[in-house]
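Residue strings, one per chain:
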Amino acid sequence: MANAVSAKSGSGLDQNVAGALAYLLVFITGILFLLIEKNNKFVRFHAMQSTILFVALFVLQVILGITIIGIVLLPIVGLAGLILWLFLMFKAYSGEKYKLPIIGDMAEKNS
């Protein structure tokens, strides 16, 4: 994995740093890195996975916010999202292409 960590991305950053930053501001930085990065598959994968995941979580939280049972579930979803966010940033920074179930496959196909 030493090569994966030291490779540069189109943004000039090491690809592991760019991959982790793709999660930093959830789908905003995901979209930003999709626009900036044209060739690095590692960075594009993490940017796409970030975008898909956090748009889906945002929609889920909006839906839960308007339901009675959702108000109880909203803090749980928020905590799970926070843990997942930190975990994915760590995995990307470690140079690992960690694929989430379903979303990871979608990200890989579209990156």
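Anything mentioned here points back to the structure above.
**Structural notes on the overall build of the chain**
Point 1. Looking only at helices and strands, the chain features six helices and zero strands.
Point 2. Along the chain, helices and strands appear, N-terminal first, in the series α-α-α-α-α-α.
Point 3. Across its three principal directions, the C-alpha atoms of the chain cover 50 × 25 × 20 Å.
Point 4. When each of the 111 residues of the chain is scored for burial, the buried share is 39%.
Point 5. Carbon and sulfur atoms provide 75% of the accessible area of the chain, an area that totals close to 6,400 Å².

**Notes on the pattern of salt bridges**
Point 1. Throughout the structure, instances matching the rule amount to five salt bridges.
Point 2. Taking the shortest distance from any N to any O, the salt bridge between Lys97 and Glu108 comes out at 2.9 Å. Of this pair, Lys97 sits in the loop between helix H5 (68-93) and helix H6 (103-110) while Glu108 sits in helix H6, and the two are 11 residues apart along the sequence.
Point 3. A relative accessible area of 38% means that Lys97 is categorised as partly exposed.
Point 4. Among the residues examined, Glu108 registers a relative accessible area of 35% and is labelled partly exposed.
Point 5. A salt bridge links Lys99 to Asp105, with the nearest nitrogen and oxygen atoms 2.8 Å apart.
Point 6. Lys99 gets classed as partly exposed once you look at its relative accessible area, which sits at 32%.

**What to know about the side chain of Gln49**
Point 1. Here Gln49 shows up in helix H4 (residues 41-65).
Point 2. On the basis of relative accessible area, Gln49 is assigned to the buried category, the value being 0%.
Point 3. Each residue touching Gln49, except ones within four places of it in the same chain, is listed here: Tyr23, Leu88, Tyr98, Lys99, Leu100, Ile103, Gly104 and Ala107.

**Focus: the packing of aromatic side chains**
To describe a pair of aromatic rings, one takes the distance between the centres and the angle between the planes.
Point 1. Under the criterion given, the structure shown has two aromatic pairs.
Point 2. Taking the centre distance of 4.9 Å and the plane angle of 90° together, the rings of Phe87 and Tyr98 count as edge-to-face. Remark: Tyr98 occurs in the loop between H5 and H6 and Phe87 occurs in helix H5; sequence separation between them is 11 residues.
Point 3. A relative accessible area of 28% means that Tyr98 is categorised as partly exposed.
Point 4. The ring centre of Phe45 lies 5.0 Å from the NZ or CZ of Lys97, which sits over that ring.

**Here's the deal with H6**
Point 1. Within the span of H6, buried status applies to Ile103, Gly104 and Ala107. Seen end-on, H6 carries its buried residues on one side only, within an arc spanning 100°.

Parameters at a glance
- Residues numbered from 1 in each chain as written.
- Predicted model: local features only at pLDDT ≥ 70, side-chain atom pairs only at ≥ 80, totals over all residues.
- Heavy atoms only, no water.
- Helix = DSSP H or I, 4+ residues; strand = E, 2+ residues; numbered from the N terminus.
- Buried < 20%, exposed > 50% of the residue type's maximum accessible area, 1.4 Å probe, protein only.
- Areas by Shrake-Rupley, 256 points an atom, 1.4 Å probe, with all protein chains shown as cover.
- Salt bridge = Lys/Arg side-chain N within 4 Å of Asp/Glu carboxyl O.
- Contact = heavy atoms within 4.5 Å.
- Phe/Tyr/Trp six-rings, centres within 6.5 Å; stacked < 30°, edge-to-face > 60°.
- Lys NZ or Arg CZ within 6 Å of the ring centre and 35° of its normal.
- Arc of directions from axis to C-beta.

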